[in-house]
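The lines below spell out each chain.
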Amino acid sequence: MATAQAEDIIKIGHVAATSGGIAHLGKDNENGARMAVDELNAKGVVIGGKKYRIVLQAEDDAADPKQGTTVAQKLVDAKVQGVIGHETSGTTIPASRIYHDAGIPQISPSASAIQYTRQRYNTTFRNVANDEQLGAALARYAMQNMKAQRIAVIDDRTAYGKGLADEFIKNVKRHGAATGSSIVNTQFTTDKATDFNAILTAVKASKPDMIFFGGMDAVSGPMLRQMKQLGMPLRFMGGDGMCSDGVPRLAGEALADDQVICAEAGGVEPAQEKGLADFRVAYRKKFGIEVQTYAPYAYDALMTMVEAMQKAGSPDPAKYLPVLAKSTHKGVTGNITFDERGDVKDGVLTIFTFRNGKRVKLAVVK
């Protein structure tokens, strides 16, 4: 009887930073995956004519690469049939080798570093745009829409923050001559830092009209506070890591309306907005809080994985992996299909600002 029960269960791992400075973002990812599991189990999952129950094994990597690989091995040892995650690029990249060696498919709903899919592992996928797309889109928006001329860049030296900042700088240098835009200062911090006075003072001396930050909301919020203390009411731009409700919460009164511009590495065209809006309502009803950033992408990642199992007629990773690589899933974040590297095809990005402490959508770009 115990053997039959084990065969009826599909175990899917989920990994994010559910402790530490970005725990609110990690929990958001996990909540999205849990929503998918609960919905699937309520409907009943039938694969190859057999009914299964999905179990989510959620793990915390604290956004630490070493802990990320430890957790990855734990999931492999637990014989999970797939993994949703990790959340951050810095943990996703080293963990991906462990999943690849074990033949376990992995879909990250939020890791955007280019290196993740450039390793050419056939088990790695993501359903959000990568930093190459994100950095280029933000640079275009800064130069063309914001008319930024003198740009200072700060990054947190993580795989995500440095990767995004590098792509942003590359695109400003490549196209800035047409708009008179240039990089006037570059500075570095860490994802654990709390004191930015030295680097901000150096930035201020270069007289920028905008700061680009490659990093997370846990750092950008306090940085905005110290910018105000130093009399630097500059426009502040960043990527998806600082595109959450954590920015107004952490920045407080230092955040002025329309001061911050950020981009989410995903988004939907107008025709698909209702599906995403309905998801947000259901999320709020289930958890009593608003979506932070990537919950809908975690939800879609898990749904995409299970749909591939159903199409393959088996939850065996070796059998459903080739189906996953070629599948198309109609999700709440749009149509999900992967290219030969495992990147989402036709990835779009959503540009946001903050007004009255709330995120406001400005544009959907490609």
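Described below are features of the structure shown in this document. (Residues numbered from 1 in each chain as written. Predicted model: local features only at pLDDT ≥ 70, side-chain atom pairs only at ≥ 80, totals over all residues. Heavy atoms only, no water.)

Some thoughts on the overall build of the protein chain
In step 1: Regarding its fold elements, the protein chain presents 13 helices and 15 strands.
In step 2: Taking 21 Å as the expected radius of gyration for a compact globule of 366 residues, we find that the protein chain reaches 20 Å, a close match to that expectation.
In step 3: Along the longest, intermediate and shortest principal axes, the C-alpha atoms of the protein chain span 70 × 40 × 35 Å.
In step 4: Here the protein chain, with 366 residues, has 55% of them falling under the buried criterion.
In step 5: Pairs at least 24 residues apart make up 69% of the contacts formed inside the protein chain by residues separated by at least 6 positions.
In step 6: Summing over all exposed atoms, the protein chain offers an accessible surface of approximately 14800 Å²; the carbon and sulfur share of this is 52%.
In step 7: Once the 45 positive and 40 negative side-chain charges of the protein chain are each reduced to a mean point, those two points are 2 Å apart. (Helix = DSSP H or I, 4+ residues; strand = E, 2+ residues; numbered from the N terminus. Rg over C-alpha atoms; globule rule 2.2 N^0.38 Å. Buried < 20%, exposed > 50% of the residue type's maximum accessible area, 1.4 Å probe, protein only. Contact = heavy atoms within 4.5 Å. Areas by Shrake-Rupley, 256 points an atom, 1.4 Å probe, with all protein chains shown as cover. Lys, Arg positive; Asp, Glu negative; His and termini not counted. Charge placed at Lys NZ, Arg CZ, Asp CG, Glu CD.)

Some words on the nonpolar core
In step 1: Judged by nonpolar contacts, the single largest core of 36 residues is most densely connected at Ile12, Ile54, Ile107, Phe279 and Leu302.
In step 2: Looking at this core element by element, the count peaks at nine residues for helix α12 (residues 295–312).
In step 3: Apart from the residues lying within four places of it in its own chain, the contact partners of Ile12 are Ile54, Val55, Leu56, Gln57, Val80, Gly82, Ile84, Leu302, Met305, Val306 and Met309.
In step 4: Counting residues in hydrophobic clusters, the runner-up holds 33 residues, among them Val128, Ala137, Ala165 and Tyr297. (Core = buried A, V, L, I, M, F, W, Y, C linked by side-chain atoms within 4.5 Å.)

A few points about unusual backbone geometry
In step 1: Here Gly85 and His86 are connected by a cis peptide whose omega angle stands at 0°.
In step 2: One non-glycine residue, Ala62, lies in the positive phi region at around 55°.
In step 3: Among the secondary structure elements, Ala62 is positioned in the loop between β3 (50–60) and α3 (65–77).

What about the layout of surface pockets?
In step 1: Of the voids in this model, the largest pocket is the one considered here, and its volume is about 370 Å³.
In step 2: Around the largest pocket, the lining is made up of 24 residues, and of these Ile22, Ala63, Asp191, Lys192 and Met216 lie nearest the centre.
In step 3: Broken down by secondary-structure element, the contributors of at least two residues to the lining of the largest pocket are α4 (89–102), α7 (159–175) and α9 (217–229).
In step 4: Per-element tally for the lining of the largest pocket: the top contributor is α9, with three residues.
In step 5: A per-class count over the lining of the largest pocket returns 12 nonpolar, eight polar and four charged.
In step 6: The element contributing the most residues to the lining of the second largest pocket is strand β13 (residues 334–337), with four residues. (1 Å grid on protein atoms, 1.4 Å probe; cavity = no way out; pocket = protein on both sides within 12 Å on 5 of 7 lines; lining within 4 Å. Points joined across faces, edges and corners; volume = space filled by probe spheres on them. Nonpolar A, V, L, I, M, F, W, Y, C, P; charged D, E, K, R; others polar.)

Some points on the environment of Lys11
In step 1: Inspection of the secondary structure puts Lys11 in strand β1 (residues 9–16).
In step 2: Relative accessible area serves as the criterion here: at 25%, Lys11 is assigned to the partly exposed category.
In step 3: C-alpha separation for the pair Lys11 and Gly82, spaced 71 residues apart in sequence, amounts to 7.4 Å.
In step 4: Ignoring sequence-local partners within four residues, the contact set of Lys11 consists of Val55, Gln57, Ala78, Val80, Gln81 and Gly82.
In step 5: In this structure the side chain of Lys11 is engaged in a polar contact, spanning 3.3 Å, whose partner is the backbone oxygen of Ala78. (Polar contact = N/O pair within 3.5 Å; in protein donor to acceptor, adjacent residues only side chain to side chain.)

Points about empty space enclosed by the protein
In step 1: In total, this model carries one cavity of 30 Å³ or more according to the counting rule given.
In step 2: If you add up the space inside the largest cavity, you get close to 160 Å³.
In step 3: Residue lining of the largest cavity: Leu25, Asn29, Glu87, Thr88, Ser89, Ser110, Tyr160, Met216, Asp240, Gly241, Thr293 and Tyr294, and that is the complete set.
In step 4: Its residues assigned to classes, the lining of the largest cavity shows four nonpolar, six polar and two charged.

Examining the pattern of salt bridges
In step 1: Throughout the structure, instances matching the rule amount to 18 salt bridges.
In step 2: The network of salt bridges with common partners includes Lys27, Glu30 and Arg34. (Salt bridge = Lys/Arg side-chain N within 4 Å of Asp/Glu carboxyl O.)

Section: the sheet that holds strand β2 (residues 45–47)
In step 1: In space, the six strands of this open sheet follow the order β2-β3-β1-β4-β5-β6, with mixed pairing throughout. Sheet topology places β2 and β6 (124–126) at the edges, where each strand pairs with a single neighbour. Averaged over neighbouring strand pairs, the angle between their axes works out to 30° when direction is ignored.
In step 2: The sheet contact formed by β1 and strand β4 (residues 82–84) spans three bridges and is parallel. Directly across from Ile12, in β4, lies its bridge partner Gly82.
In step 3: Lying over the sheet, α4 contacts β1, β4, β5 (106–108) and β6, oriented at roughly 165° with respect to β5. (Pairing = 2+ DSSP bridges. Axes fitted to C-alpha atoms, helices over the stretch in contact; angles between N-to-C directions.)

Treat this as a map of the structure, not an account of what it does.
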